[in-house]
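Coordinates in review
One-letter residues, chain by chain:
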Amino acid sequence: MLDRATVSLLRCPSCRVGDLEPRCVEDGNLLVSGVLVCASCRAEFRVEAGIPYLRASEQENKEVWDTWRHHIEGFAARRASRDPVVRSQGSPRWQRKMEAFGRFLDVPDGRVLDVGCGPGNIRRSFDPQRVDYFGADPLPVEEVGDFPFVCALAESIPFRSGSFSTLIVRSALDHFRDLDGFFTEATRVLTSDGRFFLEQVIHANAGVGDLVRNTAHFVKDVVDDLKTLRARRSAPKHMHEFTPASLRRAVEPFFEVERMQTYNTDWYSPTQIFLELRSRGTARA
């Protein structure tokens, strides 16, 4: 859903400086359809069924984004093939993982942005009287009509600097094309004392258990790729694969790790790592 309070937090994803002015049909406090126009570069972004489509075309249309476009099309096809309940709520294993991550989160109040939010189920971990939840994802789904949402790229977050006290990425970092671009945006949209909570699959090599998990993960990816009838090289299921060391190398130029927890749903699934991060220069002593 889109209202004027949300619009007041937005900035143009193309020129990255202009405010967005609504020219929309309204229903009470909600903006239903029309366009958002950049006050600076005059770029227009459509609003349909209360969803603002703020994916910067000049960025996304570059050839370097071709692999990502194929990847996200494959992701959408796999999602569409799932049972409707699983699409909306996740499998029992996914729900257990979300509950564990919810217990890891420490967000008593403030404004939260969930990047790669999907249906936004993690919002149920927060007190709606104290926490304002916002979602961003390049693939809008039916459930996003229940909370403030923008259709956008992680590498070009269409919100003003310092808009959020907390940023969350759940099992989505491996789907982003440009990690440095995203981390730069993450530090920008957070307040100076803001926190970043990250949940991500990692592939460790510490023993037989990790070997089994990694092999099962590879086989599942092959099966999923066959389902979408795309070659792995043109439509990879993941844009990135992380080991504990490679994830730290990606994160540490931008954020300091304040807290970490590992989690396994079962014996054959890859290990999940939960991280609480703070932008460098603002970490607690």
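Summarised in this report is the structure supplied together with it. (Residues numbered from 1 in each chain as written. Predicted model: local features only at pLDDT ≥ 70, side-chain atom pairs only at ≥ 80, totals over all residues. Heavy atoms only, no water.)

1. What about the overall build of the protein chain?
On a plain count of helices and strands, the protein chain comes out with eight helices and 11 strands. Among the 285 residues that make up the protein chain, the fraction classed as buried is 52%. Of the contacts made within the protein chain by residues no fewer than 6 positions apart, 63% connect residues no fewer than 24 positions apart. On the protein chain, roughly 13300 Å² of surface is accessible, and the fraction owed to carbon and sulfur atoms is 52%. (Helix = DSSP H or I, 4+ residues; strand = E, 2+ residues; numbered from the N terminus. Buried < 20%, exposed > 50% of the residue type's maximum accessible area, 1.4 Å probe, protein only. Contact = heavy atoms within 4.5 Å. Areas by Shrake-Rupley, 256 points an atom, 1.4 Å probe, with all protein chains shown as cover.)

2. Considerations on the sheet that holds strand 4 (residues 51-52)
Taken in spatial order, the four strands make up an open sheet running 1-2-3-4, and their pairing is antiparallel. Of all the strands in the sheet, just strand 1 (20-27) and strand 4 have a single pairing partner and so form its edges. Taken together, the eight bridges between strand 1 and strand 2 (residues 30-38) define a ladder with antiparallel strand orientation. Bridged to V25 within strand 2 is S33. (Pairing = 2+ DSSP bridges.)

3. What about the sheet that holds strand 8 (residues 164-170)?
Taken together, seven strands build an open sheet; the order of strands is 7-6-5-8-9-11-10 and the sheet is mixed. Sheet topology places strand 7 (149-151) and strand 10 (255-263) at the edges, where each strand pairs with a single neighbour. Going from strand to strand, the sheet's axes swing by 15 degrees on average, the running direction of each strand aside. Here strand 6 (residues 131-137) runs beside strand 7; their pairing, made up of three bridges, is parallel. Among the inter-strand pairings, A136 is bridged to a residue of strand 7, identified as V150. Docked against the sheet, helix 5 (residues 92-104) engages strand 8, strand 9 (190-202), strand 10 and strand 11 (271-279), running at close to 30 degrees with respect to strand 11. (Axes fitted to C-alpha atoms, helices over the stretch in contact; angles between N-to-C directions.)

4. Thoughts on the pairing of strand 8
Of all seven residues in strand 8, six are buried; the element is thus mostly enclosed. At this point the chain moves from strand 8, through helix 6 (residues 179-189), to the parallel strand 9, and the crossover so formed is right-handed. (Right-handed = clockwise from strand over helix to strand, strands pointing away.)

5. Digging into helix 5
Owing to its 3.6 residues per turn, the α-helix brings residues three or four apart onto one side. The terminal C-alpha atoms of helix 5 lie 19 Å apart, and with 13 residues this matches the ideal 18 Å at 1.5 Å per residue to within 8%. Taken residue by residue, helix 5 has K97, M98, A100, F101, G102 and F104 as its buried positions. On its buried side, helix 5 packs onto strand 8, strand 9, strand 10 and strand 11. (Expected span 1.5 Å × (residues − 1).)

6. Section: helix 8 (residues 244-251)
Of all the residues in helix 8, the buried ones are S246, L247, A250 and V251. Along the axis of helix 8, the buried residues cluster in a sector spanning 135 degrees; they form a single face. On its buried side, helix 8 packs onto helix 6, strand 9, strand 10 and strand 11. (Arc of directions from axis to C-beta.)

7. Section: a nonpolar patch on the surface
Where nonpolar side chains cluster on the molecular surface, the patch consists of M1, V25, L30 and V32 and spans about 280 Å² of accessible area. Summarising the element assignment, L30 is placed in strand 2. (Patch = residues over 30% accessible without salt bridge, like charges linked within 9 Å, V, L, I, M, F, W, Y side chains within 5 Å. Salt bridge = Lys/Arg side-chain N within 4 Å of Asp/Glu carboxyl O.)

8. Brief notes about the pattern of salt bridges
Tallied over the full model, the rule gives 18 salt bridges. Measuring nitrogen to oxygen at the nearest pair gives 2.8 Å for the salt bridge that ties R248 to E252. What makes E252 partly exposed here is its relative accessible area of 31%. Where salt bridges share partners, they join R11, R16, E185 and R188 into one cluster.

9. Overview of the environment of V64
Residue position: V64 is located in the loop between helix 2 (57-60) and helix 3 (66-80). Remark: the alpha-carbon pair of V64 and R177, spanning 113 residues in sequence, is separated by 9.3 Å.

10. Quick look at the nonpolar core
Note that soluble globular proteins tend to have their nonpolar side chains buried in a common cluster. In this structure, L167, V169, L173, F182, F183 and F196 are the most contacted members of the largest nonpolar core, which totals 46 residues. Examining the composition of this core, we find that five residues originate from one element, helix 6, more than from any other. If we skip the residues at most four places from it in the chain, F182 touches V115, A154, E155, I157, L167, V169, L173, F176 and F196. Of all hydrophobic cores here, the second largest spans 23 residues; its members include C117, V131, Y133 and C151. (Core = buried A, V, L, I, M, F, W, Y, C linked by side-chain atoms within 4.5 Å.)

11. Focus on the pairing of strand 3 (residues 44-48)
Remark: a regular strand shows side chains that alternate across the two faces of the sheet. Along strand 3, the buried face is formed by F45 and V47; none of E44, R46 and E48, which line the opposite face, is buried. Where strand 2 and strand 3 come together, four bridges link them in antiparallel fashion. Looking at strand 3, one finds that V35 is bridged to R46. Remark: five residues form the turn of the hairpin made by strand 2 and strand 3, two consecutive strands paired antiparallel; R42 in that turn has positive phi of roughly 70 degrees. Two successive antiparallel strands, strand 3 and strand 4, enclose a turn made up of two residues, where A49 displays a positive phi of approximately 50 degrees.

Read these as spatial facts, not as claims about activity.
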